[in-house]
Every structure is written in structure tokens, then in C-alpha cells.
Amino acid sequence: MTNTNDHEGSAAPRAGVEQVQHIGAWKVTMWLPLDSTSGNPREIRIEPHEGADPQEVARGITSTVLRQIDTAAFAAEVGPLAELAHAGQQVVENFRRELAGLPKGVSDEYLAVLSALYVRFVNLGRRAPAQDLELWTGAKQATLKGHLRAARQRGFLTKVEGKAGGQLTDKAVEILKGTSVSNVRLP
């Protein structure tokens with residue numbers, strides 16, 4: 001089973017969990033999106049596996065192969081992950097609601113919260129914190145990068161030359177104490 005953000009055959013990357021089973025000459029890949037509320041696969045892809053017997057492949061996918069696909073094992077293994085992902089979605093939604101309650105525009109409160117979330121992602125070792133910010137805030141990466149630049153200019157976030165990073169300033173910490181967003185559980 002793997003966690004995937006780049007599901008093959010899709011038009012755009014999709015967050016999900018997949019599991020591969022080998023049945024005879026066939027590679028069966030089951031996929032479940034992270035926003036699912038059940039543990040059952042939403043997609044099943046069947047293709048010949050590497051090194052499959054060409055004669056078996058030529059016979060095609062039989063009903064016997066289909067009956068051997070173990071969706072119950074998939075659900076048992078992935079179901080708890082789906083519940084965890086759903087809980088994670090709730091945290092993001094709560095964060096967005098609290099973010100929407102801040103003063104409108106690029107306010108000091110917004111920049112302090114954005115800076116705190118950014119620093120959190122950097123400290124977690126995330127390679128592309130702007131992508132994570134996009135998921136959590138719903139804003140485009142280009143907009144968020146401009147907001148982070150503004151946060152640095154206004155003194156909420158220190159600068160690190162040539163790479164992602166920085167630290168919250170005392171000014172940001174003081175503003176965060178007065179926001180309800182700081183009560184929302186972050187990653």
C-alpha cells in the first residue's frame with residue numbers, strides 16, 4: 001500500500017491511498033481518495049504485471065481473476081487511513097473557517113498566522129511549503145508567496161537567503177496570542 005499524490009492516468013495529481021495485488025498475470029491496483037468516508041476502493045485498475053506469461057495475458061481478464069480481487073483486505077488496511085484523512089480534512093476546514101474570521105485583506109493577524117503555518121511546514125521538513133499553504137488556506141501559491149514576502153517586510157518572519165525558511169518574530173508571536181486561529185490544531 002502506498003500513499004500517492006500522483007495517481008497514474010489522472011488529469012491532475014490526486015491525493016489518495018493505493019494498494020497493489022498480484023493475481024496470476026495481472027497487477028490489480030486499488031485506489032481510494034483521501035476525502036473518502038469509506039474504506040472501499042473507488043477505482044480498480046487491472047493491467048498485466050511485468051514478466052507476466054504472454055499466453056495468460058492474451059486470454060484476457062477472466063471472471064476468476066475478478067472474483068479473486070480482495071477488496072475486503074483493502075478496506076481493512078485502508079479504512080483507518082480514510083478515517084484519519086477525514087479527520088485531517090476537518091482540521092483544515094476548521095483552520096480555513098478561523099482564517100476567514102480574521103480582519104479582511106492582508107492584515108497583520110493574517111500575516112502572523114500565515115507565517116506561523118509556513119514556519120511549521122518548514123520545520124516539518126516539507127520540501128514545498130507553499131503547496132502545503134495552498135492546501136490549508138485555499139489561496140494560490142503565487143498569492144501566498146507575495147503574502148510571505150509582505151510578512152517578511154512587515155517584520156513577522158525572518159529571512160533566509162536562497163531557500164525556504166525563517167523564524168517567527170516576537171511581533172508575530174504577540175499577534176498570534178490574540179487570534180483564535182492559534183487554537184486550531186495544526187499539522
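The structure displayed is predicted, hence computed values, not measured ones. (Residues numbered from 1 in each chain as written. Predicted model: local features only at pLDDT ≥ 70, side-chain atom pairs only at ≥ 80, totals over all residues. Heavy atoms only, no water.)

Quick notes on the side chain of lysine 27
Okay, so step 1: Relative to the helices and strands, lysine 27 is located in strand β3 (residues 26-33).
Okay, so step 2: Overall, the relative accessible area of 19% leaves lysine 27 in the buried class.
Okay, so step 3: Those residues in contact with lysine 27 that sit more than four places away from it in its chain are Val20, Gln21, His22, Arg45, Ile46, Glu47, Pro48, His49 and Glu50. (Helix = DSSP H or I, 4+ residues; strand = E, 2+ residues; numbered from the N terminus. Buried < 20%, exposed > 50% of the residue type's maximum accessible area, 1.4 Å probe, protein only. Contact = heavy atoms within 4.5 Å.)

Regarding the packing of aromatic side chains
Okay, so step 1: For the structure on display, the rule yields two aromatic pairs.
Okay, so step 2: With a centroid separation of 5.4 Å and 75° between ring planes, the pair formed by phenylalanine 95 and tryptophan 136 is classed as edge-to-face. Separated by 41 residues along the polypeptide, phenylalanine 95 in helix α3 (residues 71-100) and tryptophan 136 in helix α5 (residues 129-137) bring together distant segments of the chain.
Okay, so step 3: Overall, phenylalanine 95 belongs to the buried group, its relative accessible area being 1%.
Okay, so step 4: Through pairs of rings, three or more aromatic residues link up here, namely Phe95, Phe121 and Trp136. (Phe/Tyr/Trp six-rings, centres within 6.5 Å; stacked < 30°, edge-to-face > 60°.)

Observations regarding the pairing of β3
Side chains on a regular strand alternate between the two faces of the sheet.
Okay, so step 1: The buried fraction of β3 amounts to eight of the eight residues, a majority that puts the element mostly inside the structure.
Okay, so step 2: Here β3 shows no split at all, with Trp26, Val28, Met30 and Leu32 on one side and Lys27, Thr29, Trp31 and Pro33 on the other all buried.
Okay, so step 3: As paired elements, strand β2 (residues 16-23) and β3 share eight bridges and run antiparallel to each other. Note that in β3 the partner of glutamine 21 across the bridge is valine 28.
Okay, so step 4: The antiparallel pairing of β2 with β3 creates a hairpin that spans two residues between the two strands, and glycine 24 there sits at a positive phi of about 60°.
Okay, so step 5: Note: β3 against strand β4 (residues 43-48), six bridges, orientation antiparallel. Directly across from methionine 30, in β4, lies its bridge partner isoleucine 44. (Pairing = 2+ DSSP bridges.)

Function cannot be read off these values alone, since they describe shape.
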